[in-house]
Amino acid sequence: MLNSRIPGKNFLFVPGPTNLPDRIVRAMSVASEDHRSPTFPDLVKPLFPGLKKVFGTDKGHAFIFPASGTGGWEAAITNTLSPGDKVLAQRFGQFSHLWIDLCKRQGLEVIVQEREWGTGNDPELIEEALKADKNHEIKAVLATHNETATGVTSDIAAVRRAMDNAKHPAMLFVDGVSSVASIDFKMDEWGVDVIVSGSQKGFMLPAGLLLMAASQKAIDAGKSNKGRRAYFEFQDMIAQNANGYFPYTPSVPLLYGLKESLSILFEEGLDQVYKRHHHLAEGCRAAVAAWGLKCCAKEPKWNSDTVTAIVVPEGYDAAKVIETAYKRYNLALGAGLSEVAGKVFRIGHLGDLNELMLLGAIAGAEMAMLDNGIKVTPGSGVAAAQAVYRANPLLKM
């Protein structure tokens, strides 16, 4: 019988929430203070240019709402669109599906293009649909940058090219919840009108902050749309943020945490952050190959650098692997969702993470699979990842 408590630290390797750096934990350990004080703008104002740098925008307007990424979807929709408007979206995972569902609940007409789970956005299909929309009834294209459920990253620049090729005026909305601050994002260069992210993944914070940015085109759309909003009103935020305040009570400890998060990202350097995530992901993928298993991503071009979804062999239950990892080895792995429930387990490798930490997760996943009868060679995944990390170390001696 297992002990009720396993000594040592829990290994958190779900694809969000991610590990909290000690610096951020300490930064958030603050006394309550007056969020209307004369000095509060000293904390708030620098956060917005920092966020814009991470989003890759000089032209866009950054927002901080007390919410999660789902709130970002709602903010994007209600500030720019009206009930009855048409939007185009491709469904290829649980989170692209949830965004579509939210749009329908908001009264939008969603043109859904179904894609195989394990693939991502298909720019050619988007271009075809937009070219067929002669009257420009489609007001926005919804694109999920990183589909967390399947470990798939899509080419957002290619989506923008497809829209430009179709000469269509639709706005481009992007879900970057599990990509921003971990995978390079270029809002201005890619012509993104709204980017939605959250605090609990690449920003290395607890859940609770919706971090997003909108283009001037998206903000201008709110002047004539009929979408109803109050809590997520862009204009209220713009007016108050200009002076370093918020239209309602903010989460002050999380703002201090965000300040420290941005400092950590810029100290490492964003290019190095993206390089590190790719490097870590390559080791994880090498482990999967050494186990003789496959990623949920159907082709290497879809591979995500923030999460790897691993398909267990036919006849085995991925949920049992996850349960064993947690109860026996104190390792939290991501579960398969919806269409891939019981078929995959996920290793999240984003945020405050290094090679040795990820090797621990790979070892734990390997042991949990062996405990459940999955025939992998003991030590094979760890050895394969080690080979990747030793061949091209992030830090040169």
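Each remark here, short or long, concerns the structure printed above.
**Let's talk about the pairing of strand 8 (residues 171-175)**
Among the five residues in strand 8, five count as buried, and that is most of the element. Here strand 8 shows a buried face lined by M171, F173 and D175 and a second buried face lined by L172 and V174. Looking at chain direction, strand 5 (residues 138-144) and strand 8 are connected through five bridges and run parallel. In the strand pairing of strand 8, T144 is matched with D175. The sheet contact formed by strand 8 and strand 9 (residues 194-198) spans three bridges and is parallel. Counterpart to F173 in the pairing with strand 9 is V194.

**A closer look at the side chain of N146**
Residue placement: N146 occurs in strand 6 (residues 146-147). A distance of 2.5 Å separates the side chain of N146 from the side chain of T153, its partner in a polar contact. Not counting the four nearest positions on each side in its chain, N146 is found in contact with V152, T153, D175, S178, S179, I183, S304, T306 and V307.

**Considering the sheet that holds strand 14 (residues 344-348)**
Read from one edge of the open sheet, five strands run 1-13-14-12-11, paired in mixed fashion. Each of the sheet's edge strands pairs with one partner strand only, and the pair in question is strand 1 (11-13) and strand 11 (294-295). Both strand 1 and strand 13 (residues 331-335) contribute to a ladder of three bridges, which runs parallel. Of the residues in strand 13, the one forming a bridge with L12 is A332. The strands that helix 11 (residues 270-291) touches are strand 11, strand 12 (307-311) and strand 14; relative to strand 12, the one it contacts most, it runs at about 10°. The sheet strands contacting helix 13 (residues 355-371) are strand 1, strand 13 and strand 14, and the helix crosses strand 1 at an angle near 90°.

**Looking at the nonpolar core**
Ranked by size, the top nonpolar core spans 84 residues in total, and within it I64, F203, M212 and L258 carry the most contacts. It is helix 10 (residues 252-268) that provides the largest number of residues to this core, a total of seven residues. Excluding residues that lie within four positions of it along the chain, M212 makes contacts with F55, H61, A62, F63, F65, G72, A75, A76, V194, I195, V196 and F234. Core analysis: the second largest hydrophobic core is formed by 30 residues, I310, A318, L331 and M369 among them.

**Quick look at the pattern of salt bridges**
With the rule as written, the count across this model stands at 19 salt bridges. Two residues, R23 and E267, come together in a salt bridge whose shortest N-O distance is 2.9 Å. Of this pair, R23 sits in helix 1 (residues 22-28) while E267 sits in helix 10, and the two are 244 residues apart along the sequence. Judged by relative accessible area, which is 30%, R23 ranks as partly exposed. With relative accessibility at 56%, the residue E267 sits in the exposed group. Across the salt bridge formed by E323 and K327, the nearest N and O atoms sit 2.9 Å from each other. Of this pair, E323 and K327 both sit in helix 12 (residues 318-329), four residues apart, which is roughly one turn of that helix. For E323, a relative accessible area of 34% corresponds to the partly exposed category. For K327, a relative accessible area of 47% puts it in the partly exposed group. The network of salt bridges with shared partners includes R23, E260 and E267.

**A word on the sheet that holds strand 9**
Read from one edge of the open sheet, seven strands run 2-10-9-8-5-3-4, paired in mixed fashion. Among the strands making up the open sheet, the edge pair consists of strand 2 (61-65) and strand 4 (109-114). Here the average twist between neighbouring strands, direction ignored, is 20°. This element, helix 3 (residues 47-55), spans strand 2, strand 9 and strand 10 (210-214) of the sheet and lies at about 110° to strand 2.

**Quick notes on helix 13**
Between its first and last C-alpha atoms helix 13 spans 24 Å; for 17 residues at 1.5 Å apiece the expected length is 24 Å, and the two agree. Those residues of helix 13 that sit buried are L358, L359, A361, I362, G364, A365, E366, A368 and M369. Where helix 13 is buried, its residues contact strand 1, helix 11, helix 12, strand 13, strand 14 and helix 14 (380-391). A side-chain oxygen of the first residue of helix 13 lies 3.2 Å from the backbone nitrogen of L356; this N-cap is N354. Note on helix 13: the residue one or two positions beyond its end, G373, has a positive phi of about 85°.

Cut-offs applied
- Residues numbered from 1 in each chain as written.
- Predicted model: local features only at pLDDT ≥ 70, side-chain atom pairs only at ≥ 80, totals over all residues.
- Heavy atoms only, no water.
- Buried < 20%, exposed > 50% of the residue type's maximum accessible area, 1.4 Å probe, protein only.
- Helix = DSSP H or I, 4+ residues; strand = E, 2+ residues; numbered from the N terminus.
- Pairing = 2+ DSSP bridges.
- Polar contact = N/O pair within 3.5 Å; in protein donor to acceptor, adjacent residues only side chain to side chain.
- Contact = heavy atoms within 4.5 Å.
- Axes fitted to C-alpha atoms, helices over the stretch in contact; angles between N-to-C directions.
- Core = buried A, V, L, I, M, F, W, Y, C linked by side-chain atoms within 4.5 Å.
- Salt bridge = Lys/Arg side-chain N within 4 Å of Asp/Glu carboxyl O.
- Expected span 1.5 Å × (residues − 1).

That is the geometry; function is a separate question.
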